[in-house]
Amino acid sequence: MIKPDLIMDVFDGNQTNQADANTKACDEGPGICSHLLTLFSILLIMVTMPLSLLWTIKVVQEYERAVIFRLGRLLSGGARGPGVFFIIPCVDIYEKIDMRSQTFEIPPQEILTKDSVTVFVNAIMYYKVAN
C-alpha cells in the first residue's frame, strides 16, 4: 500500500517524502523571466534616479527586522536590519517584523473548582518573535 505522503520519483524510481519534494522545487533558482523583470526594474530605477530613491531606500529601527520577498520568494540573506537597505519597487515586497516583547491582556475568567468555589483568574500573555 502506498502512503499518500510518499511520491514516486519518476527519474530514478525512489520514493521520497512530499516535504522533500517541495523543498527540491523551492531550491531551484529564479528563472529567466525573473532575471529579465529584475533587470528591467533596475534600469527603470537608474533612469528615474532622484525620484526613485524615495521608493528604493528603506530604514528599519533597531527593534525591527525586514523580511524581503523577491517575486514571492524569500531572498537568500534572511531578515535585514537594523539600518538602511534597498529594495526594487516593482519586484520586491518587504514586511517589517517587530522584535520587541509584546503583551496581550486576557480578560478575567471565572472558574468553578471541584469543591464548588468560584475563582477569578487574570492573565497576561507575553510573546516575542525569535529568529
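Residues numbered from 1 in each chain as written. Predicted model: local features only at pLDDT ≥ 70, side-chain atom pairs only at ≥ 80, totals over all residues. Heavy atoms only, no water.

**Details of the pattern of salt bridges**
For side chains of opposite charge, pairing can occur when their charged atoms come near one another.
Then step 1. This model, assessed by the stated rule, comprises two salt bridges.
Then step 2. Close ionic contact of Arg-70 with Asp-92 constitutes a salt bridge, the shortest N to O distance being 2.8 Å. Remark: Asp-92 occurs in strand E7 (residues 92-98) and Arg-70 occurs in strand E4 (residues 64-70); sequence separation between them is 22 residues.
Then step 3. With a relative accessible area of 27%, Arg-70 lands in the partly exposed category.
Then step 4. Ionic pairing is found between Arg-100 and Asp-98, a salt bridge with its closest N-O pair at 3.1 Å.
Then step 5. Residue classification places Asp-98 among the partly exposed residues on the basis of a relative accessible area of 26%. (Salt bridge = Lys/Arg side-chain N within 4 Å of Asp/Glu carboxyl O. Helix = DSSP H or I, 4+ residues; strand = E, 2+ residues; numbered from the N terminus. Buried < 20%, exposed > 50% of the residue type's maximum accessible area, 1.4 Å probe, protein only.)

**Quick look at the sheet that holds E7**
Then step 1. Overall, antiparallel pairing links the three strands, which are arranged E5-E4-E7 in an open sheet. If you trace the sheet from one side to the other, it starts and ends with strand E5 (73-74) and E7, each paired once.
Then step 2. Where E4 lies against E7, seven bridges are found, and the strand directions are antiparallel. Looking across to E7, one finds that Val-67 is bridged to Glu-95. (Pairing = 2+ DSSP bridges.)

**A few points about the packing of aromatic side chains**
Then step 1. Tallied over the entire structure, the rule returns one aromatic pair.
Then step 2. Consider the rings of Phe-85 and Tyr-94, whose centres lie 5.7 Å apart with planes at 80°: the pair is edge-to-face.
Then step 3. By relative accessible area, Phe-85 is classed as buried at 7%.
Then step 4. Note on Tyr-94: relative accessible area 24%, which makes it partly exposed.
Then step 5. Arg-100 extends its terminal NZ or CZ atom over the ring of Tyr-63, reaching a point 3.9 Å from the ring centre. (Phe/Tyr/Trp six-rings, centres within 6.5 Å; stacked < 30°, edge-to-face > 60°. Lys NZ or Arg CZ within 6 Å of the ring centre and 35° of its normal.)

**Concerning the nonpolar core**
Then step 1. Core analysis: the biggest nonpolar cluster contains six residues, these being Val-60, Ala-66, Ile-68, Leu-75, Phe-85 and Ile-87.
Then step 2. Apart from residues no more than four positions distant in its own chain, Val-60 is found in contact with Ala-66, Arg-80, Gly-81, Pro-82, Gly-83, Phe-85 and Lys-96. (Core = buried A, V, L, I, M, F, W, Y, C linked by side-chain atoms within 4.5 Å. Contact = heavy atoms within 4.5 Å.)

**Concerning the environment of Phe-104**
Then step 1. Its place among the elements puts Phe-104 in strand E8 (residues 102-112).
Then step 2. Residues contacting Phe-104, with those up to four places away along its chain left out, are Ile-124, Met-125 and Tyr-127.

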